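Examining the three-dimensional arrangement
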Amino acid sequence: MTSEYRHTPVLLAECLEYSNLKPQHTFVDATLGGAGHSFEAAKLIGSTGTLIGIDQDEVALAAARRKLGTLPDDVRPRLELVRGNFGAMDEALLSTEVPGVDAVLFDLGVSSVQIDTPSRGFSFKENGPLDMRMDPGKQTLTAAEIINTYNAADLTRIIRTYSDEKWASRIADFAVRARQTAPIETSEQLVDVIKAAIPASARRAGGHPAKRTFQALRIEVNGELDVLRSGLDAAIRWLNPGGRLVVISYHSLEDRIVKETFAKFANRCTCPPDLPVCACGKQPILDIVTRKPVLPTAEEIERNPRARSAKLRVAQKR
């Protein structure tokens, strides 16, 4: 089980540096996965610290528990591994009975394991059922249900909004037409529909033609953008003064939400711009540490191509 989570953590050195972890700190890994980031973070907070890992995938939690369990006793922090979605962070952290936290990390990428497991339906490169649920035990909506039941207008809106797909309306129309003959139930079937919808000349550039549509469906299935907003707001509430919020995003929609959330809590004044003195009394809650996103080096991208689109942003609680 652990071997399935041989996942290379993205921007590891940068995450550790910006988290500013010290002994006795409480660190929250909101997207635990196989504990790639947490394993190294644990060494910084040591046996006097607390490490809280959140993940909705039971396989990930089991793998992380085994990996973190290999830390020596004099290094291993108090471990609290919680099954859940970071959108419900309040509930997860209340269960651990910590008064506050010193750093929270969000690594928003879908894990390599989920992508590479055909039965999960995330990959356009492997044939499998169109599922895409992060937590199949609790979620009911699947990508197959969306592609087979949403009307053309809603499919167009989802694909265009969540992926900037130029051919969204054609893909939606082709999908609606195809499902009238037989349900679209596998990733291979959907890829064929997308390829038919996108003109051959347009398919020659920009990577795999199905990449953007699969991303859009995954976001819709899991409500990822709403969950991200809820998770960021909760993390800010739980941070101790001086605590750091570290977020790695992988596409522009995520990055925009992170950037806007940081700005909202760093610039809370609602007074008219021409008012000489603030009268609303809404003081900043965050200081933005990274004015521009931190990007992976060329060397990291060569070692781990999935880091290519990563952007790291950091804020600090006042």
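Quick caveat, the model's predicted, so the values are computed rather than measured. (Residues numbered from 1 in each chain as written. Predicted model: local features only at pLDDT ≥ 70, side-chain atom pairs only at ≥ 80, totals over all residues. Heavy atoms only, no water.)

Turning next to the domain arrangement of the chain. By the assigned domains, the chain splits into domain 1 (10-110 + 223-315) and domain 2 (116-220). Taking only C-alpha atoms into account, the centre of domain 1 sits 30 Å from that of domain 2. At the boundary of domain 1 with domain 2, total buried surface from both sides reaches about 1,000 Å², with 45% on carbon and sulfur atoms. When the area that domain 1 buries against domain 2 is broken down by residue, the three leading residues are Gln56, Val110 and Glu224, summing to 42%. The tally of links from domain 1 across to domain 2 stands at two salt bridges. Across the salt bridge formed by arginine 218 and glutamate 224, the nearest N and O atoms sit 2.7 Å from each other. Summed over the shared surface of domain 1 and domain 2, the result is five residue pairs in polar contact (both at pLDDT 80 or more). (Domains from an automatic or database assignment. Buried area = accessible area lost by both parts, 1.4 Å probe. Salt bridge = Lys/Arg side-chain N within 4 Å of Asp/Glu carboxyl O. Polar contact = N/O pair within 3.5 Å; in protein donor to acceptor, adjacent residues only side chain to side chain.)

Next up on the list: the UniProt feature "binding site: S-adenosyl-L-methionine" (unreviewed entry) in the chain. Per the UniProt record, "binding site: S-adenosyl-L-methionine" (unreviewed entry) is annotated on Ala35, Gly36, His37, Asp55, Phe86, Asp107 and Gln114. One can find aspartate 55 in strand β2 (residues 50-55). With a relative accessible area of 12%, aspartate 55 lands in the buried category. Non-local contacts of aspartate 55, meaning those with residues more than four positions away in its chain, are made with Thr31, Leu32, Gly33, Ala60, Leu61, Val82, Arg83 and Gly84. Its location among the elements puts phenylalanine 86 in the loop between β3 (78-83) and α4 (89-96). Assessed through its relative accessible area of 14%, phenylalanine 86 is described here as buried. In contact with phenylalanine 86, not counting residues within four places along its chain, are Ala30, Thr31, Ile54, Phe106, Leu108, Val227, Leu228 and Gly231. (UniProt positions renumbered as here; feature names shortened; annotations may be inferred. Helix = DSSP H or I, 4+ residues; strand = E, 2+ residues; numbered from the N terminus. Buried < 20%, exposed > 50% of the residue type's maximum accessible area, 1.4 Å probe, protein only. Contact = heavy atoms within 4.5 Å.)

If you trace the backbone, histidine 251 turns up in the loop between β5 (239-249) and α13 (252-266). Residue histidine 251 is classed as buried on the basis of its relative accessible area, which comes to 13%.

Strand β7 (residues 311-317) sits mainly inside the fold: five of its seven residues count as buried. The sheet contact formed by β5 and β7 spans six bridges and is antiparallel. The partner of valine 246 across the bridge, within β7, is valine 314. Pairing analysis gives three bridges linking strand β6 (residues 286-288) to β7, with the strands arranged antiparallel. Bridge pairing in β7 links isoleucine 288 to alanine 315. (Pairing = 2+ DSSP bridges.)

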